[in-house]
Amino acid sequence: LETQIKIAQILDQARRLIDKRKEQIALLDDLIQSVFYDMFGDPGLNSKEWECGRISDIIVKTQYGTSTKANENEGEYAVLRMNNITYRGNWDLRALKYIDLDEKDRKKYLVYKGEVLFNRTNSKELVGKTAVYKREEPMAYAGYLVKAIPNNRANGQFIASYMNTKYIKSLLFNMAKNIVGMANINAEEFKSIKVYIPPIELQNHFAEMVENIEKQKELLNKSLAELETNFHSLMQRAFRGELVVE
């Protein structure tokens, strides 16, 4: 029993470190949202009295994603799907599939750094998830996503952060139409959403601040992966009777 208690204490300490790191990562997401509100104000109030327009005023165009069937291991391009965008507008790239695209389709179905992806079809709670693409190499994107290319009046990070505010999340929930168990907001409806339009210089400054915060997140995520690997190693050693030596 004494040995079991020692093992439990070691594993509990390892688990607490993991939970603490996850909490730190979540707080950095909260920081990004706080910086957004501080710089631009609540979208529902526009207390800073920015010029107002619609999403259509700050993008070049929208494009629906590909309906080409993807597979697990083969294909020139990884394809982003709705589950790769998190509710808070981050990327989860752990489960990717792949497709091939001919030259014509590459022009339509590849997303490039700085462009925005909007999840047009999902459950009512998740429809409207939005994220800005940040990788140097392009990826394909699937049909449940809509790509929006910002024009010279907008930064993709600003658009994504705006779309992920609580006010817009509530708006999207009410906009969504249920179709055969799924909710949908089409590209035209997305473009019709009202948006305030701060100066592009301020938007760019916000994007730089987000980039710095995300560098810290990247370091914490690497640390989290190491802590989780260490925890699983401790578990294995515990079951082999190697964790606590009498």
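Residues numbered from 1 in each chain as written. Predicted model: local features only at pLDDT ≥ 70, side-chain atom pairs only at ≥ 80, totals over all residues. Heavy atoms only, no water.

## Focus on the overall build of the protein
Applied cut-off: Helix and strand labels come from DSSP, where a helix needs a run of H or I of at least four residues and a strand needs a run of E of at least two; each type is numbered from the N terminus. Partly exposed residues are those whose accessible area sits between 20% and 50% of the maximum for their type, while under 20% is buried and over 50% is exposed, using a 1.4 Å probe and protein chains only. By definition, residues are in contact when any of their heavy atoms lie within 4.5 Å. Exposure was quantified through the Shrake-Rupley algorithm and a 1.4 Å probe, taking into account, for residues, occlusion by the shown protein chains and nothing else. Only four residue types enter the tally: Lys and Arg on the positive side, Asp and Glu on the negative side; His and the chain ends are excluded. By convention, the point assigned to a charge is CZ for Arg, NZ for Lys, CD for Glu and CG for Asp.
The secondary structure content of the protein amounts to six helices and 13 strands. With the principal axes as the frame, the protein shows a C-alpha extent of 70 × 45 × 35 Å. Looking at the protein as a whole, 45% of its 246 residues are labelled buried. The contacts of the protein with a sequence gap of at least 6 include a subset with a gap of at least 24, amounting to 78%. On the protein, roughly 13900 Å² of surface is accessible, and the fraction owed to carbon and sulfur atoms is 51%. With 36 positive and 34 negative side-chain charges, the protein shows a separation of 3 Å between the mean positions of the two kinds.

## Examining the environment of Y162
Topologically, Y162 is positioned in helix 3 (residues 156–163). Through-space distance from the C-alpha of Y162 to that of Q33 is 9.2 Å; in sequence the pair is 129 residues apart. Excluding residues within four positions of it along the chain, Y162 makes contact with F36, P43, I168, K194, V195 and Y196.

## Focus on the sheet that holds strand 8 (residues 130–132)
The condition that has to hold: A pair of strands is labelled paired if DSSP reports no fewer than 2 bridges between them. To define axes, lines are fitted to C-alpha atoms, for helices over the stretch in contact only, and angles between the resulting N-to-C directions are given on a 0 to 180 degree scale.
Spatially, four strands are ordered 2-10-6-8 in an open sheet, and the strand pairing comes out antiparallel. A strand with exactly one partner marks an edge of an open sheet, and here the two such strands are strand 2 (59–64) and strand 8. Across the sheet, the mean angle from the axis of one strand to that of its neighbour is 20°, orientation sign disregarded. As defined by bridge partners, strand 6 (residues 116–119) adjoins strand 10 (residues 145–150) across four bridges and the pair is classed as antiparallel.

## Concerning the sheet that holds strand 11 (residues 177–179)
Ordered in space as 7-12-11, the three strands form an open sheet in which the pairing is antiparallel. What marks the edges here is a single partner per strand, and that holds for strand 7 (121–122) and strand 11.

## What to know about helix 3
Burial analysis of helix 3 places eight of its eight residues in the buried class, which makes it a mostly covered element. The complete set of buried residues in helix 3 reads G156, Q157, F158, I159, A160, S161, Y162 and M163.

## Brief notes about unusual backbone geometry
Not every positive phi belongs to a glycine, and N46 is a case in point at roughly 50°. Structurally, N46 is set in the loop between helix 1 (2–40) and strand 1 (51–54). Judged by its relative accessible area of 14%, N46 falls in the buried class. Here E49, not a glycine, exhibits a phi torsion of approximately 55°, which is positive. For E49, the position within the fold is in the loop between helix 1 and strand 1. For E49, a relative accessible area of 70% corresponds to the exposed category.

## Observations concerning the packing of helix 1 against helix 6 (residues 200–239)
Put simply, the test is: When describing relative orientation, an angle under 35 degrees is termed roughly parallel and one over 145 degrees roughly antiparallel, while 65 to 115 degrees is termed roughly perpendicular and anything else oblique.
It is the contact of helix 1 with helix 6, at a shortest axis distance of 10 Å, that shows an interaxial angle of 170°. Considered as vectors, helix 1 and helix 6 are oriented roughly antiparallel to each other.

## Observations regarding the packing of aromatic side chains
Quick reminder of the rule: Paired rings are identified among Phe, Tyr and Trp, the last through its six-membered ring, by centres lying within 6.5 Å, and are further divided according to the angle between planes into stacked (under 30 degrees), edge-to-face (over 60) and tilted (the rest).
According to the stated counting rule, one finds 11 aromatic pairs in the structure shown. Measuring from centroid to centroid gives 5.0 Å for F36 and F40, while their planes differ by 55°, and the two rings are tilted. Taken together, the positions of F36 and F40, both in helix 1 and four residues apart, correspond to about one turn of that helix. Each ring, one from F40 and one from F158, has its centre 5.1 Å from the other, and the planes form 75°; the classification is edge-to-face.

## Thoughts on the layout of surface pockets
Short version of the rule: In this analysis a 1.4 Å probe is tested at points of a 1 Å grid over the protein atoms alone, and where it fits but cannot get out there is a cavity; an open set with protein on both sides within 12 Å along at least five of seven lines is a pocket; lining residues have an atom within 4 Å of a point. Grid points are joined across faces, edges and corners, and a volume is the space filled by probe spheres set on the points. Residue polarity follows a fixed list, in which Ala, Val, Leu, Ile, Met, Phe, Trp, Tyr, Cys and Pro are nonpolar, Asp, Glu, Lys and Arg are charged, and the others, Gly among them, are polar.
Size it by volume and the largest pocket reaches roughly 1800 Å³. Lining the largest pocket are 46 residues, and of these N90, W91, K134, E214 and K217 lie nearest its centre. Listing elements by their share of the lining of the largest pocket, those giving two or more residues are helix 1, strand 8, helix 3, helix 4 (166–175) and helix 6. The biggest single contributor to the lining of the largest pocket is helix 6, with 13 residues. Looking at the lining of the largest pocket residue by residue, the classes come out as 15 nonpolar, 12 polar and 19 charged. Residue lining of the second largest pocket: T66, S67, T68, K69, A70, V79, R81, K97, I99, A142, G143 and Y144, and that is the complete set. Partitioned by chemical class, the residues of the lining of the second largest pocket number five nonpolar, four polar and three charged.

## Looking at the pattern of salt bridges
Any two side chains of opposite charge can pair if their charged atoms end up close together. The test is simple: Any carboxyl oxygen of Asp or Glu within 4 Å of a side-chain nitrogen of Lys or Arg constitutes a salt bridge here.
For the structure shown, the criterion picks out 16 salt bridges. Close ionic contact of E72 with K97 constitutes a salt bridge, the shortest N to O distance being 3.7 Å. In this pair, E72 sits in the loop between strand 2 and strand 3 (77–80) while K97 sits in strand 4 (residues 97–99), placing the two residues 25 residues apart along the sequence. Across the pair E115 and K147 runs a salt bridge, and its minimum N-O distance is 3.4 Å. Residue E115 is located in the loop between strand 5 (110–111) and strand 6, and its partner K147 is located in strand 10; the two are separated by 32 residues in the primary sequence.

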